[in-house]
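Coordinates in review
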Amino acid sequence: AISTVYQNAERLFEQLKKVKKLFREHVLLGTVDLEAVVHDSLTEVHQWEANFKMVKAKGKEVSSIDNFIKVDCISVSTAPIKATIEDHLQRLGDLLTSSLKKASQDHIQNVEQFLNGAFEKLEMKPESIDEIGQANHFYQEMR
């Protein structure tokens, strides 16, 4: 009698562990430094695009999870874990947006610096053979 209770309890806890494992991949975002990962990993536009799509897809996936999972005689509420996952995804989305904005601003600044330097050199009027050679060299570098 008592051994049957223990066996049933053991089986029930094993089933609950399986439910817990269902959410393991979803909560990984909370275990890493997202800012560092986003900053170190994303350098190309297609990388941001892929990550924005992934965030959107994971958001849909999370919203499709049932609010309760029934395991034998126990109902497990998924609302807290869903809220946590949604918060992680929102934070990742915000970090993606801010890092893309910063990368764009840095790129624009580099282009502006190049253009300002180029205009400066193009406005110079060479007066000697050396200056003509320097202007020609600069022209070759710009191409």
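The rules we used
- Residues numbered from 1 in each chain as written.
- Predicted model: local features only at pLDDT ≥ 70, side-chain atom pairs only at ≥ 80, totals over all residues.
- Heavy atoms only, no water.
- Salt bridge = Lys/Arg side-chain N within 4 Å of Asp/Glu carboxyl O.
- Helix = DSSP H or I, 4+ residues; strand = E, 2+ residues; numbered from the N terminus.
- Buried < 20%, exposed > 50% of the residue type's maximum accessible area, 1.4 Å probe, protein only.
- Pairing = 2+ DSSP bridges.

Quick look at the pattern of salt bridges now. All chains considered together, the criterion is met by six salt bridges. Two residues, aspartate 72 and arginine 11, come together in a salt bridge whose shortest N-O distance is 3.8 Å. With aspartate 72 in the loop between strand S1 (68-71) and strand S2 (74-77) and arginine 11 in helix H1 (residues 2-22), the pair connects residues that are 61 residues apart, well separated along the chain. Overall, arginine 11 belongs to the partly exposed group, its relative accessible area being 38%. The partner of glutamate 14 in a salt bridge is lysine 17, with the nearest N and O atoms 3.7 Å apart. Here glutamate 14 pairs with lysine 17, and both are found in helix H1, just three residues apart, close to one helical turn.

We now examine the pairing of S1. Burial along S1 is one-sided: the residues Ile69 and Val71 are buried and none of Phe68 and Lys70 is. Here four bridges tie S1 to S2, and the two strands are oriented antiparallel to one another. From the neighbouring strand, phenylalanine 68 faces S2, where its bridge partner is serine 77. In sequence, S1 turns back onto S2 through a hairpin of two residues, with aspartate 72 there showing a positive phi of about 55 degrees.

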